[in-house]
Amino acid sequence: MIQNPREYKGAFRRMTRYEGGMNSEPTYDKGRHLGPTTPSPWVTRFAPLAPAGGAVLDLACGGGRHGRHFLGRGHPVVLLDRDISDVQDLAGRADVEIIEADLESGSALPFAGRQFAAIVVTNYLWRPILPLLADAVAEGGLLIYETFGLGNEDYSRPRNPDHLLRPGELLETFGKNLQVVAYEHGLRRDPKPRVIQRIAAVKGGAPVPIEPES
Ligand SMILES: C[S@@+](CC[C@H](N)C(=O)[O-])C[C@H]1O[C@@H](n2cnc3c(N)ncnc32)[C@H](O)[C@@H]1O
């Protein structure tokens, strides 16, 4: 599912229709992405660290499973992907902004200059934008990143090293500017073997509550 850009879509298109509809739970079972539709336990575990009511960016959102999770927690969300077809059911909500953008086009990021209470990225890697993400986390805000790591190529896609994190890479990238709350890199076998790396980090020095994984 992680692909290099095949086409340049030109200017970013922001969708700000207001049509009502307030379902806060996932309302779809399948989509073009055919990926998981329930949020990652890593994301749900650390989502409570996002300052209440603050805007959350779900980057390369796919079907928006994590944006939907934060909506359910009362956050306004920004859903960004080069293919926004699987979040169209959320278009028009006052608490949803949908941005269609190619993050790998070399253009200015469509969220440049903005800061978010939380940024969530899962199952997507484009290294040039990693340093910019820490800047886009507001003071006191949260970054959650989870994607595949080197070694995954022995089990399944993605196999391209451009799409696989080196051991410690998220720690090195974000540990400089953010307070790392949790980090893991390793092989998980359930529901299928895959190598993943993931981090949860906050901007600010104050200790944050670490609740048991739910
Ligand atoms: C594996 S899916 C992950 C979706 C979602 N984050 C999740 O975990 O459910 C990867 C997503 O990255 C998006 N994507 C890939 N290349 C992109 C690019 N250049 N710009 C923006 N989005 C991109 C795809 O459209 C797809 O929705």
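Residues numbered from 1 in each chain as written. Predicted model: local features only at pLDDT ≥ 70, side-chain atom pairs only at ≥ 80, totals over all residues.

From N to C terminus, the chain includes 4 helices and 8 strands. Scanning the chain from its N terminus toward the C terminus, one meets helices and strands in the order β-α-β-α-β-β-β-α-β-α-β-β. When the 214 residues of the chain are sorted by exposure, 36% land in the buried category. At a minimum sequence separation of 6, the contacts of the chain that also span at least 24 residues come to 60%. (Helix = DSSP H or I, 4+ residues; strand = E, 2+ residues; numbered from the N terminus. Buried ≥ 20, exposed ≤ 12 C-beta atoms within 10 Å, placed from the backbone. Contact = placed C-beta atoms within 7 Å.)

Another aspect to go through is the nonpolar core. Membership of the largest hydrophobic core comes to 53 residues, with the highest contact counts inside it found for Val56, Ala118, Ile119, Leu142, Leu143 and Ile144. Excluding residues that lie within four positions of it along the chain, Ile144 makes contacts with Trp42, Val43, Phe46, Ala118, Val120 and Ala200. (Core = buried A, V, L, I, M, F, W, Y, C linked by C-beta atoms within 7 Å.)

A word on unusual backbone geometry. Across the junction of Arg157 and Pro158, the peptide omega takes the value 0°, indicating a cis bond. By the secondary structure assignment, Pro158 is in the loop between strand S6 (137-148) and helix H4 (169-175). That bond from Asp190 to Pro191 is cis: its omega, 10°, falls within 30 degrees of zero. Backbone geometry at Ala60 places phi at a positive 55°, although glycine is not the residue there. Tracing the sequence through the fold places Ala60 in the loop between strand S2 (56-59) and helix H2 (65-72).

Let us look at the pairing of strand S7 (residues 179-188). Bridge count for S7 against strand S8 (residues 194-202) is 9 bridges, and the pairing is antiparallel. Counted as the bridge partner of Ala182 is Ala200 from S8. Where S7 folds back on S8, the antiparallel hairpin that results is connected by 5 residues. (Pairing = 2+ DSSP bridges.)

Right, let's get into the environment of Glu139. Locating Glu139 in the fold gives a position in strand S6. Residue classification places Glu139 among the exposed positions, given that 10 C-beta atoms sit within 10 Å. The spacing of Glu139 and Phe116 is 23 residues in sequence and 8.9 Å in space, taken between C-alpha atoms. Contact partners of Glu139, with chain neighbours within four places excluded, come to Lys203 and Gly204.

Here the focus is the confidence of the model for the chain. Predicted coordinates in regions of low pLDDT should not be interpreted in detail. Looking at the chain, pLDDT values average 86 and 82% of them are 70 or higher. Contacts for the low-pLDDT stretch residues 1-34, under 50 throughout, to residues beyond four places or in other chains number 53 contacts. (pLDDT = per-residue confidence, 0-100.)

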